[in-house]
Structures are given as structure tokens and as C-alpha cells.
Amino acid sequence: CRSSCDLFDLTMFNQNVITGPFGEIDSLLSGDVCRTIQSFSHLKLLLQSPRHGGESVAEVLRAHGVKFVFTLVGGHISPILVACEKLGIRIVDTRHEATAVFAADAVARLSGTVGVAAVTAGPGLTNTVTAVKNAQMAESPLLLIGGAAATLLQGRGALQDIDQMSLFKPLCKFCASVRTVREIVPTVRKALAIAQSGTPGPVFIEFPIDTLYPYHVVEKESAPKNTPKGLFGKIMAWYLQNHLSNLFAGAWETCDLSPLPVYIPHATEDEVQRCVELVSRARKPVILLGSQATLPPTKALESLGIPCFLGGMSRGMLGKNSPLHIRQNRRDALKEADLVLLAGTVCDFRLSYGRVLNRRSKIIAINRDRSQLLKNSDMFWKPTVAIQGDAGSFLLRLSTALKGHRCPEEWPRSLKEGEAIKEKANRAKADEKTERHLNPISVLHRVDELLAEDSIIVADGGDFVGSAAYIMRPRGPIRWLDPGAFGTLGVGGGFALGAKLCRPESEVWIVYGDGSLGYSVAEFDTFTRHKTPVIALVGNDACWSQISREQVPMLGSNVACGLAFTDYHIVADGYGGKGYLIGREDESRLDDIIKKAQKECREGKAVLLNVLIGKTNFRDGSISV
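Quick notes on the rules
Residues numbered from 1 in each chain as written. Predicted model: local features only at pLDDT ≥ 70, side-chain atom pairs only at ≥ 80, totals over all residues. Heavy atoms only, no water. Helix = DSSP H or I, 4+ residues; strand = E, 2+ residues; numbered from the N terminus. Rg over C-alpha atoms; globule rule 2.2 N^0.38 Å. Buried < 20%, exposed > 50% of the residue type's maximum accessible area, 1.4 Å probe, protein only. Contact = heavy atoms within 4.5 Å. Salt bridge = Lys/Arg side-chain N within 4 Å of Asp/Glu carboxyl O. Patch = residues over 30% accessible without salt bridge, like charges linked within 9 Å, V, L, I, M, F, W, Y side chains within 5 Å. Areas by Shrake-Rupley, 256 points an atom, 1.4 Å probe, with all protein chains shown as cover. Lys, Arg positive; Asp, Glu negative; His and termini not counted. Charge placed at Lys NZ, Arg CZ, Asp CG, Glu CD. Pairing = 2+ DSSP bridges. Axes fitted to C-alpha atoms, helices over the stretch in contact; angles between N-to-C directions. UniProt positions renumbered as here; feature names shortened; annotations may be inferred. Phe/Tyr/Trp six-rings, centres within 6.5 Å; stacked < 30°, edge-to-face > 60°. Lys NZ or Arg CZ within 6 Å of the ring centre and 35° of its normal. Parallel < 35°, antiparallel > 145°, perpendicular 65-115°, else oblique. Left-handed = near helix turned anticlockwise from the far one by under 90°. Nonpolar A, V, L, I, M, F, W, Y, C, P; charged D, E, K, R; others polar. Expected span 1.5 Å × (residues − 1). Arc of directions from axis to C-beta.

### Observations regarding the overall build of the chain
Each helix and strand counted, the chain has 25 helices and 20 strands in total. Its C-alpha radius of gyration of 28 Å places the chain within 12% of the 25 Å reference for a compact globule of 625 residues. Within the chain, the fraction of its 625 residues that count as buried is 55%. Once local pairs closer than 6 in sequence are excluded, the contacts in the chain between residues at least 24 apart make up 75%.

### Side note on the pattern of salt bridges
Enumeration according to the criterion identifies 25 salt bridges in this entry. Note that D93 and R529 form a salt bridge whose closest N and O atoms lie 2.9 Å from each other. Residue D93 is found in strand β5 (residues 90-93), and its partner R529 is found in helix α22 (residues 523-529); the two are separated by 436 residues along the sequence. Linked through salt bridges whose partners overlap, the residues forming this network are K320, D448, E453, R473 and R475.

### Some thoughts on a positive patch on the surface
A contiguous patch of positive charge on the surface is contributed by R330, R331, K335 and R355. In this fold, R330 is placed in helix α14 (residues 330-336). Given the relative accessible area of 34%, R330 is considered partly exposed.

### Details of the sheet that holds strand β9 (residues 202-208)
Pairing between the strands of a sheet comes from backbone hydrogen bonds, and it takes one of two forms, parallel or antiparallel. Here 6 strands make up an open sheet; going across it, the order is β5-β4-β6-β7-β9-β8 and the pairing parallel. Edge positions in the sheet fall to β5 and β8 (174-177), since each has one partner strand and no second. Neighbour to neighbour, the strand axes of the sheet diverge by 20° on average, direction disregarded. Here 7 bridges tie strand β7 (residues 142-148) to β9, and the two strands are oriented parallel to one another. The residue bridging L144 from the neighbouring strand is F204, located in β9. Strands β4 (68-72), β6 (115-119), β7 and β9 of the sheet are contacted by helix α3 (residues 53-63), whose axis makes an angle of about 175° with β7.

### Considerations on the pairing of strand β10 (residues 285-289)
Taken across its 5 residues, β10 has 5 buried, putting it largely inside the fold. When β10 meets strand β11 (residues 308-310), the two strands line up parallel, connected through 3 bridges. Looking at the pairing, L288 lines up with F309 of β11.

### As for the UniProt feature "domain: Thiamine pyrophosphate enzyme TPP-binding" (unreviewed entry) in the chain
As annotated by UniProt and renumbered to match this structure, "domain: Thiamine pyrophosphate enzyme TPP-binding" (unreviewed entry) occupies residues 460-608. The annotated region residues 460-608 carries 44% helix and 15% strand content, and the separation between its end C-alpha atoms amounts to 14 Å.

### Description of the packing of aromatic side chains
Taken as a whole and judged by the stated rule, the model has 6 aromatic pairs. Plain terms: the ring middles of F102 and F495 are 5.9 Å apart, the flat faces sit at 90° to each other, and that makes the pair edge-to-face. Placement of the pair is F102 in helix α5 (residues 97-111) and F495 in helix α20 (residues 492-502), with a sequence separation of 393 residues. This pair shows no difference in class: F102 is buried, exactly as F495 is. Plain terms: the ring middles of F524 and F527 are 5.4 Å apart, the flat faces sit at 75° to each other, and that makes the pair edge-to-face. Taken as a pair, F524 and F527 lie in helix α22 at a separation of 3 residues, close to a single helical turn. Judged by its relative accessible area of 0%, F524 falls in the buried class. The ring of W480 carries R315 above its face, with NZ or CZ at 5.0 Å from the centroid. A cation over a ring is seen here: K578 above Y580, with NZ or CZ 5.3 Å from the ring centre.

### Points about the packing of α5 against α20
Contact geometry of α5 with α20 gives a least axis separation of 7 Å together with a crossing angle of 45°. With respect to α20, the element α5 is oriented oblique. Crossing handedness for the pair α5 and α20: right-handed. Listed contacts from α20 to T99, F102, A103, D105, A106, V107, R109, L110 and S111 of α5 are G493, G494, F495, L497, G498, A499 and C502. Looking at the contact of α5 with α20 residue by residue, the class counts come to 9 nonpolar, 5 polar and 2 charged.

### Describing helix α25 (residues 590-602)
With 13 residues, α25 extends 19 Å between its outermost C-alpha atoms, agreeing within 8% with the 18 Å of an ideal straight helix rising 1.5 Å per residue. Regarding α25, the residues found buried are L590, I593, I594, A597, Q598, E600 and C601. With its buried residues spanning 165° around the axis, α25 presents them on a single face. Exposed positions of α25 whose direction lies more than 90 degrees from the buried face are D592 and R602. Positive phi shows up at G604, right after α25, with a value of about 105°.

### Let's talk about α5
Here α5 is 15 residues long and its end C-alpha atoms lie 21 Å apart, about the 21 Å a rise of 1.5 Å per residue gives. A large share of α5 lies buried, amounting to 14 of its 15 residues. Two residues or fewer after α5 comes G112, characterised by a positive phi angle close to 80°.

Pasting the structure below:
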């Protein structure tokens, strides 16, 4: 009898209780079973209904204003994709699951809603781990939908079946595995609210395949192939039918699809007032803005008149030529400042763990995440006021309370004068001849001068992108996208895809190193198929220069750092885009090539500029670890 029950290893049976290998004890008198047994007419309707769980997922997403779902297709999630398409949600399929998550991340940053990616079970999900971790560290609200093996087959060797929940619990604010169809709507609503509440971040929902397909399909796949015989055969058949009935019980009952309230922490009135007093007394205040200051976007900075250093997604907040935006000499300014306002900025490696802050300075720190708010404050710095709250709304309230007060004008003016000296020196480096190929500093300056005013810049690389961060000037708020604190390579294709879909009228540029390009160059196929033309600027120096810059002088070897001057432009051509190879012989017509690329992009063609560049000492001393 046991040999005929491979799917059901019966361990105990009596007239009231059955215990199976799935960690379940199903009472014959349980509420769910009673409701199911008493609803034979409902079961008959289920048998005939074409409805499926994927429709419930799509309905909730539409009710929450989701416009795009990024995916790499798999049978586990097909019902979700089909249902979303029918409801007008655009399905955008990519060439790698990580790209799908990066694209959803970009949509979250640019739209203020939750970005959504859906991938299949097992390797589909494991391929997203780096991208999900990046979203966690960048504080991007993102919903990852994952397929999974059927509820009865989990842990029994089904195709692509692994413990996915354990994998994502350390990466996500919320993880759930849907066990019945009726759980879909409340679980998705809860996940979307949690993604945006407190400190924004990724959430994960696992959908076993039998919660997504219609009843008759699931019944066909789960029913015994042969008519059960004997007592245990009948018990097995009863158990499977009971499980199936419970799986679909209450599946199509009317329920609320609307968004749940989102919790955003805010500074108290007392905290704001204390900061007003500190700022009003400061003679040399400085604001350091991080990505949180764009949630929501703030226009309070100009009224305060305080010089600002912008990092992460806050780059571009003040436009490209603001007298308050200081781009150079941050370390010197922090040494001189008598007050520093850390608005969503963290004292991690980017601020030398807090060591760059003057111990005599008054320090106001505001951050949604308490652990980030106080990071390294036990060692290298100490806040005068530490506020767990939203940085953007705090700045608005601070500027309102300080109406009529402005920072002494000589302070930002002196910082601007120092910046002008540094900028002049950087510009002089652009005029130097490199030993071979083009000077990368010159290339970046020329691209920056020709950027359209609505451009969005996506940064994906090491050395070349590090130089671009000093030279290229985002034209407005949320027009610079970089991976954030995790320093992830490979974000380019996905970020650009999401950006172009959110802002189709904008000129989207990806600034690539030749090393990072390898991660997502295949997405030129995606740009072509989905008519999302972008321009990729590739700094091709045939090297992982960010690493080589330190490895060679310290360890005397360039091992594993060398690449080749590969014909990446031909790869772009092969994927339906347009590629250009640009070398020293093209220097005099570089502007014309850039303008031609912009024209072709406007006409619907994704373009790759494969620029051969030489070595400079522009970033000597920069860190790679």
C-alpha cells in the first residue's frame, strides 16, 4: 500500500485527524474543511471557472497604480504576466532576471511608486539576489514576485524547488509564501504598503504554482493518475481533494483592492525647533544630502541659502549651475563648517565613517532608518541632534520655520571660489594628451556640454564613472541614477530601461566602464524590442582600472585586471541598435558623432558609443575597497 502512495506518506490516521509529511494536521471538523464540504455548488463553479490567482495579483497591482512589470518569463509565473497584460499593465521582458529587478528599482526611484519584478522559481530567483540587495541598501521600494513549486510538492524534489524564503528574508522587509488563493489579495496589499513605509525597501512574495493556475488545471495535475484502491488509496485521494478544496475556498469572494496606509516617520515639532535654533546661530553651515532627500522631492534648499553637497540620487536637486551646489573640496568644507546637516546621508565609507566631520561642529542628522542614522556614532562622530524621520519633509519644515533667515552669503561664495579653482585644474587635465587613444576627461566634458536639458544619467562602472561623477552635471532632480552604497556593477541596462519607460521624452544616457558593460550589453536587445532607445557611452580602456590603479603599485601585478579593446559597437549592431567606434583619429569630429547619436536616439534607435580611452592620473588615490 505504501508503494502506491509516493506523493502521500501517511503517518497517522483515525476517524478525526490525518497527519501528513507537509507539517500539517487537517481536522475533518476544521472550519475551512467544513465550509468546503458544505459548498458543493461552489466547487462545481470552481471546476468550470477559467479564473486563476494570477488575475488577483494583477487586480491589486492595477489598483495600486503599477504601470510596468519587469520579468524574464517562466511557467511558474505565466498566469500573472498574462493577467497583467489583459488589465493594461505593460509587461517588459529582459535578458536577465537581475536586469528586471534593476529596472523595477529605477521605476521606484523615478515614479515614487513601488517597482515590480516577477521571475520564475529557483534559478530565476537566485539570479536576482544581487539586485535585491542593491535595492535594500539603496532604500528602493520594490516588490519581487517569485514563482515556486506547488504547495504539495515543496521539499519533495520538484523542478526548481529550493527554500526561497530563507534566501530573501535577510534582504527584504517582508517575505510571504502564499498558501491559498484567498490569501493573494491581502498579502499583496500588505507587501506594497510595507515596501513604502518607514525606510523604503524590497519585499518578496512567493507564489506556489498551484495558487496561480485555474482549479481544473491544478486538479488535473494533482489528482492520482490511477483510480485509488484500498483504504489508504482512498485516504490519499480524500486528502488531495481536501487540500485542493481548501486551496481554492473563498478564492473569488469580493475584497478590498485599495492601497493600505503608508507610514512615513516625521520629525517632532520639538526636534524641528531645536534644529531651527542651531541653524539660525550657524555662520558656516553645510548640508549633505543623500538619496532620502528626494522622498519626497524638496525645493527648500534655495530659501535656506546653505551650501550643499549632493550625493546619490540627490545629485541634480539644484540644477546644473546653482550657486549653492558645491561639487568640489568637500573634505575641506567639512573641516571649516560650524554646523553640518546630514539629510539622509550616512557616515559610512563615503564619509570616512564619520572621521571627516569636525568634532567641534554641531551635527544634525536625520534619517528614516535608525541604524543608518547613528552608524559609527559610537566611534568617530557624535550627533548634536539625531532625528529618525523623513529628510525631505524635514527640510521643508525647517525652511518654513526659518523664513527670512539666510546663511551669510560670504560662506557659500568662498566655497564656490575654491570650487572654481579645482574645476579649472580638472579642466586643464582634459587638455592633456594621453599616451594612446582619447583623454577620458575630455570626452566626458564634451558629452556634458552636449547633454539635453531633460537628460537622465545612469552610472554603471568604476574608474570612468568615478570621473564622470566629478564632471557630468545632472540637469535637475532625480536625473542621476547610480547603484548607491552597495557599489553594484551591472545596473546600467535595467536602470536605463526603467528610466526610459518612466520618462519617454527624456534622453537617457548610460555611462559605462568597459568592464561593467559586459553585465548588461545584451539588454540592447531589450531596448530594441521594447522601443526604449537610450545612448550608452562606454569608456573602453581595456582594463578594470578601478582595481588596477591600486593593485599594480601595491602588489606589482595587473593579473585579472586586463581586458581587450573589444568591438562592443558591433555587439550593439547585432542586437538591433547602432554602434560607433571612436578613437583618437575621431577627436576632431567627436561633437558631431555625439549629436548624430542623439538624433538617432530620438528617431528610436538605441546607440552605443565605444570610446577608446587612455590613462590619466585624474583619480589617483581613489579607493576601490
